[in-house]
Amino acid sequence: MPSEVAASSKARSPLPSVDALLREPAIRGLVERFGHTAVVGCLRENLEQARAALRRDGEAHFALERFVAACVAAMDRAAERSLRPMFNLTGTVLHTNLGRAVLAEEAVAAATEAMRGPVNLEFDVAAGKRGERDEHVAGLICRLTGAEAATVVNNNAAATVLSLRALAAGREAVVSRGQLIEIGGGFRIPDVVAQAGVPLVEVGTTNRTRPADFRNAIEDATAAILQVHPSNYRVVGFTAAASTAQLAEIARKADLPLIFDVGSGLLDAERGFPGEEPSVHQALADGADLVTFSGDKLLGGPQAGCIVGRADLIAKLRAHPLARAVRIDKLQTAALEATLALYATGAHGDVPVHRMIHESLDAVAQRAHTLAEAIGGDLEHAHVVHCASVVGGGSVPGQALDSWGVRIQVPDPNAFAGRLRNGSPSVFCRTDDDHVLLDARTITDDQVRHVARAVLYAIEGDDLDDED
């Protein structure tokens, strides 16, 4: 028996109406899954495309089954989550494009619990009155860094802007020209700081800045000295830089605050990270008045901008109107508190960032061998190779971590990597001239079988392409 759409289309237009389509069983199924409004919008969009095809091709043929299939495919695509999990096999521990730090299970559990119901985010339970949301983490941060006081905002860029806005708005801050870095997304420190309403006075040169350059630049309009750790690059060779202790002495004599953006969030040097990352603890010990750092880099917590230092300056930041615009929410607070608690109890080895960076080379090699075997080894041209990982995320620039991975020789590495990215599960890897590389440092043992399954699916797709 011909469908209602087919019958009506013969009598009138080659294209059915939306109402007629909605009476089709397959379309009714879409309405049950996605709702009337969404399906009607999809039908109208696809009908408009069909009309355009008729005008272009001059044909009056309409295939109902093909049309319905197109609508189903479109609705399925629209229902897919844009933000989805990925397995990181790039060897970059803190991959900004993949969300930086992987949280500890304790942090995930704390954030999940905070999502399920009300929490005392801004309520002092003991006193029975309104409280400060960053008080949940301020004590832990002070204990771990030796700071007098602490506050937390949404990210480190916000921390720097708030610090300058609250302490130097309408006046100037002195900074070394060699520290005017560009961070991710093309954002540059001068442009970010400009939002604080604080003009920067650049001193020194790209490769050499001396303490005298800062002393000579201080004038009546100067309100702060800004130090920025160049966390995503290194300048080597004929170089010179004023130390934090030297800048602190200059700032103290001029009665100015020294604000140090250390960036990566290394709490203290005893954690044993590679490279020459400045620690928050050492920056304060050297005399910095305020130190800002990220929560989702070497600290291994959620996105956050932590600010530590003198209690009187922290009080000014907390009281500034901008503080409300850049405050953290309950999920960030819960995850950050749980992460800091691991440090406070000596369990920072449970933070995934620490595990990935410090894991023994033998353990990484064993994981790579397990992955290669699960993929098929020589049969699938999957071989275990020595490679190099990096910390990433604007941390420890120029320092490589010895690692092991699986190299798979394929005809078109970019196309193969694309299948891995778009598969389920989704895998992000590195590519070279004739192969893809899966670095085993940035996954766990439990993830190996899932990665192997994704790779085998991609290999099957490669084989089908060869047959075509």
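1. Observations concerning the overall build of the protein chain
Step number 1: Secondary structure assignment for the protein chain yields 19 helices and 16 strands.
Step number 2: Structurally, the protein chain occupies a C-alpha span of about 95 × 55 × 50 Å along its principal axes.
Step number 3: Counting across all 468 residues of the protein chain, residues that qualify as buried make up 47%.
Step number 4: Taking as baseline every contact in the protein chain between residues at least 6 positions apart, the subset at least 24 positions apart corresponds to 74%.
Step number 5: Surface accessibility of the protein chain: about 23,300 Å² in total, with carbon and sulfur atoms responsible for 49%.

2. A word on helix H15 (residues 330-344)
Step number 1: Across its 15 residues, H15 extends 21 Å between first and last C-alpha, which sits within 8% of the 21 Å expected from 1.5 Å per residue.
Step number 2: Within the sequence span of H15, burial applies to Gln 332, Thr 333, Ala 334, Ala 335, Leu 336, Ala 338, Thr 339, Leu 340, Leu 342 and Tyr 343.
Step number 3: One side-chain oxygen of the residue at the start of H15 lies 3.2 Å from the amide nitrogen of Leu 331, identifying that residue as Asp 329.

3. Topic: the sheet that holds strand E7 (residues 200-203)
Step number 1: Here seven strands make up an open sheet; going across it, the order is E5-E11-E10-E9-E8-E6-E7 and the pairing mixed. Each end of this open sheet is capped by a strand with a single partner; those strands are strand E5 (149-153) and E7. On average, each strand axis in the sheet is inclined to that of its neighbour by 25°, with strand direction left out of account.
Step number 2: Bridging between E5 and strand E11 (residues 305-309) involves five bridges; their strand directions are antiparallel. If you follow Ala 150 over to E11, its bridge partner there is Val 308.

4. Thoughts on the side chain of His 229
Step number 1: Assignment of secondary structure puts His 229 in the loop between strand E8 (222-228) and helix H11 (244-253).
Step number 2: Looking at His 229, the relative accessible area reads 14%, which means it is buried.
Step number 3: When sequence neighbours within four positions are dropped, the list of residues in contact with His 229 reads Ile 181, Phe 260, Asp 261, Val 262, Glu 276, Glu 277 and Pro 278.

5. Overview of the nonpolar core
In globular proteins that are soluble, nonpolar side chains generally tend to be buried together.
Step number 1: Residues Ile 141, Val 291, Phe 293 and Val 308 are the most contacted members of the largest nonpolar core, which totals 52 residues.
Step number 2: Those residues within four positions of Val 308 in sequence are excluded, and the remaining contacts are Ile 141, Thr 145, Ala 147, Ala 149, Ala 150, Val 280, Leu 284, Asp 289, Leu 290, Val 291, Phe 293 and Ile 314.
Step number 3: In this structure, Ile 181, Val 192, Ala 224 and Ile 314 belong to the second largest nonpolar core, which totals 29 residues.

6. So, the environment of Ala 149
Step number 1: Summarising the element assignment, Ala 149 is placed in strand E5.
Step number 2: Classification of Ala 149 as buried rests on a relative accessible area of 14%.
Step number 3: Through-space distance from the C-alpha of Ala 149 to that of Ala 315 is 8.5 Å; in sequence the pair is 166 residues apart.
Step number 4: Among residues more than four places away in sequence, those in contact with Ala 149 are Cys 142, Ile 307, Val 308, Gly 309, Ala 311 and Ile 314.

7. A few points about the confidence of the model for the protein chain
Step number 1: Scored by pLDDT, the protein chain has a mean of 89; 91% of the residues are at 70 or more.
Step number 2: Low pLDDT, under 50, characterises residues 6-12; the predicted model gives this stretch two contacts beyond four residues in sequence or across chains.

8. A closer look at unusual backbone geometry
Step number 1: Backbone torsion omega between Ser 424 and Pro 425 reads 5°, so that peptide bond is classified as cis.
Step number 2: Turning to its location among the elements, Pro 425 is positioned in the loop between helix H18 (413-422) and strand E14 (426-428).
Step number 3: Phi angles above zero are rare outside glycine, and Arg 100 is one such case at about 60°.
Step number 4: Along the chain, the position of Arg 100 falls in the loop between strand E2 (92-94) and helix H6 (105-115).
Step number 5: Arg 100 gets classed as partly exposed once you look at its relative accessible area, which sits at 23%.

Analysis parameters
Residues numbered from 1 in each chain as written. Predicted model: local features only at pLDDT ≥ 70, side-chain atom pairs only at ≥ 80, totals over all residues. Heavy atoms only, no water. Helix = DSSP H or I, 4+ residues; strand = E, 2+ residues; numbered from the N terminus. Buried < 20%, exposed > 50% of the residue type's maximum accessible area, 1.4 Å probe, protein only. Contact = heavy atoms within 4.5 Å. Areas by Shrake-Rupley, 256 points an atom, 1.4 Å probe, with all protein chains shown as cover. Expected span 1.5 Å × (residues − 1). Polar contact = N/O pair within 3.5 Å; in protein donor to acceptor, adjacent residues only side chain to side chain. Pairing = 2+ DSSP bridges. Axes fitted to C-alpha atoms, helices over the stretch in contact; angles between N-to-C directions. Core = buried A, V, L, I, M, F, W, Y, C linked by side-chain atoms within 4.5 Å. pLDDT = per-residue confidence, 0-100.

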